[in-house]
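Architecture and fold: a report
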Amino acid sequence: MNSLLDPMTPHADLAALTALAGQLAPQPGYNSTALPSLRILRSETNLEDVPVLYRPGAVFVLQGSKQGFLDGAIYRYDADHYLAVSVPVPFRMASQASREQPLLALYVDFDLHLATEIATELDARRQAAPTAPAKSLVSSRMEPAISDVLLRTLRALANPDELAILGAGLLRELHYRILVGPQGAALVTALKQRGPTGRIVQSLARIRENVGDRISVAELAAEAGMSVPSYHTHFRALMGSTPIQYVKAMRLHEARLMIARREGTIAVIAARVGYASAAQFSRDFRRHFRRSASEDAKWMREHLGEIV
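Residues numbered from 1 in each chain as written. Predicted model: local features only at pLDDT ≥ 70, side-chain atom pairs only at ≥ 80, totals over all residues. Heavy atoms only, no water.

**Remarks on the overall build of the protein chain**
Of regular secondary structure, the protein chain possesses 12 helices and 11 strands. Taken over C-alpha atoms, the radius of gyration comes to 20 Å for the protein chain, in line with the 19 Å a tight globule of 308 residues would show. The principal-axis extent of the C-alpha atoms belonging to the protein chain is close to 50 × 50 × 40 Å. Counting every atom, the protein chain has about 14,200 Å² of accessible surface; 53% of that belongs to carbon and sulfur. Positive and negative charge centroids in the protein chain, built from 35 and 30 side chains respectively, lie 5 Å apart. (Helix = DSSP H or I, 4+ residues; strand = E, 2+ residues; numbered from the N terminus. Rg over C-alpha atoms; globule rule 2.2 N^0.38 Å. Areas by Shrake-Rupley, 256 points an atom, 1.4 Å probe, with all protein chains shown as cover. Lys, Arg positive; Asp, Glu negative; His and termini not counted. Charge placed at Lys NZ, Arg CZ, Asp CG, Glu CD.)

**Brief notes about helix α6 (residues 195–209)**
Between its first and last C-alpha, α6 extends 22 Å over 15 residues, near the 21 Å set by a 1.5 Å rise per residue. Elements that come into contact with the buried residues of α6 comprise α5 (184–192), α7 (217–223), α8 (228–239) and α9 (243–260). (Expected span 1.5 Å × (residues − 1). Contact = heavy atoms within 4.5 Å.)

**Regarding the packing of helix α2 (residues 112–125) against helix α4 (residues 160–179)**
It is the contact of α2 with α4, at a shortest axis distance of 10 Å, that shows an interaxial angle of 55°. The pairing of α2 with α4 is recorded here as oblique in orientation. With respect to the hand of their crossing, α2 and α4 are arranged in right-handed fashion. Side by side, α2 and α4 meet where L114, A115, E117, I118, A119, E121 and L122 of the first sit next to R172, H175, Y176 and L179 of the second. Taken together, the residues of the contact of α2 with α4 sort by class into seven nonpolar, one polar and three charged. (Axes fitted to C-alpha atoms, helices over the stretch in contact; angles between N-to-C directions. Parallel < 35°, antiparallel > 145°, perpendicular 65-115°, else oblique. Left-handed = near helix turned anticlockwise from the far one by under 90°. Nonpolar A, V, L, I, M, F, W, Y, C, P; charged D, E, K, R; others polar.)

**Points about the nonpolar core**
One finds Y54, L83, F91 and Y231 to be the most contacted residues of the largest nonpolar core, which totals 47 residues. Ranked by size, the runner-up nonpolar core spans 40 residues in total, among them A84, V108, L154 and V188. (Core = buried A, V, L, I, M, F, W, Y, C linked by side-chain atoms within 4.5 Å. Buried < 20%, exposed > 50% of the residue type's maximum accessible area, 1.4 Å probe, protein only.)

**Some words on the pairing of strand β8 (residues 81–85)**
β8 sits mainly inside the fold: five of its five residues count as buried. Neither face of β8 is left uncovered, since the one carrying H81, L83 and V85 and the one carrying Y82 and A84 both have all their residues buried. Across four bridges, strand β5 (residues 57–63) lies against β8 in antiparallel orientation. Residue pairing for β8: F60 is matched across the bridge by Y82. Where β8 and strand β11 (residues 137–141) come together, five bridges link them in antiparallel fashion. Looking at the pairing, Y82 lines up with S140 of β11. (Pairing = 2+ DSSP bridges.)

**Observations concerning α4**
Compared with an ideal rise of 1.5 Å per residue, which puts 20 residues at 28 Å, α4 spans 28 Å between its outermost C-alpha atoms and is within 8% of the ideal. Within α4 the residues assigned to the buried category are L163, G167, L170, L171, L174, H175, I178 and L179. Here the buried face of α4 lies against β5, β8, β10 (103–109), α2, α3 (144–157) and α5. The residue sitting at the N-terminus of α4 and contributing the capping side-chain oxygen is N159; that oxygen lies 3.1 Å from the backbone nitrogen of D161. (Polar contact = N/O pair within 3.5 Å; in protein donor to acceptor, adjacent residues only side chain to side chain.)

**Describing the packing of α9 against helix α11 (residues 278–289)**
Closest axis-to-axis distance for the α9/α11 pair is 11 Å, and the angle between their directions is 95°. It follows that α9 is roughly perpendicular to α11 by the angle criterion. Contacts from K248, A249, L252, H253, A255, R256 and I259 of α9 reach α11 at F281, D284, F285, H288 and F289.

**What to know about the environment of R155**
Secondary-structure assignment places R155 in helix α3. C-alpha of R155 to C-alpha of N210: the two residues are 55 residues apart in sequence and 40 Å apart in space. Every residue in contact with R155, bar those within four places of it in the chain, is listed here: L20 and E162.

**Looking at the packing of aromatic side chains**
Applying the stated criterion across every chain, the model contains 10 aromatic pairs. Centre to centre, the rings of Y54 and F91 are 4.9 Å apart; their planes meet at 85°, and the pair counts as edge-to-face. Separated by 37 residues along the polypeptide, Y54 in strand β4 (residues 47–54) and F91 in strand β9 (residues 89–96) bring together distant segments of the chain. With a centroid separation of 5.6 Å and an interplanar angle of 70°, the aromatic rings of F235 and Y246 are classed as edge-to-face. Of the two residues, F235 is situated in helix α8 and Y246 in helix α9; the sequence distance between them amounts to 11 residues. Just as F235 is buried, Y246 falls in that class too. Site record: aromatic cluster; members linked through ring pairs are Y30, Y54, Y77, F91 and Y107. R291 extends its terminal NZ or CZ atom over the ring of W299, reaching a point 4.5 Å from the ring centre. (Phe/Tyr/Trp six-rings, centres within 6.5 Å; stacked < 30°, edge-to-face > 60°. Lys NZ or Arg CZ within 6 Å of the ring centre and 35° of its normal.)

Limitation: the analysis is restricted to geometry and does not speak to function.
Set out below in structure tokens:
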């Protein structure tokens, strides 16, 4: 495998960040905060080869560690690295944690309008804006400026007046710090949605909005103004999977959430995400998640809590 790992380096205020995160996330699983776009995960179990689907945003692991695996690459996110995600992307994950040293991680959802606004303003202020191939996942070194804004954000969460006055500004600063970070240019390229990458990003939105409908790769390619081979090439370069693999993963992850939230029988949910056969859905689900749908729903509630 190729490894996208940087040498580990300490960053400031880790002890204070960890202490605050632990106070704000007393329960295993996802803990909500007063900022709707920020959740804190507490995990006390080692996990291996778990399929996940991350929304656009960033993950900051303050204690414990995680690794993401996509298309032969390894993405580290731990106390010295954070993970940024430009588009909804399924990949596989492992994490290290224990009851004595639980994993504590901040999950921040991007405000895509705000991120795009910042990216556009950065372009306008730079005579020669840095460019890089778009990436769905990037692992970057944790820098003091990132640690600082995270610490101020967690402190504000403990003070309602401070949060009401400063919360929006802190989130804006965090978006900015990520976009000017070591691999921010790869995120900016994806967010600006220009050229072939932009057409693939728009195609991803079409897939998500119509995940339960029949989806033809030829139609997706035509809508993107590409030949089918060109569409496959650009899709794989950004997402690390083929369009068909992506569609199947999106359907299964969408169904996984519905099942965990008890939104219907397995047969009903299978139909809602585009499966004509409940039996085929069950086979694909077990192959992807390595558990039956009912077993996985129990696992989700045990490990992720009710906020899934």
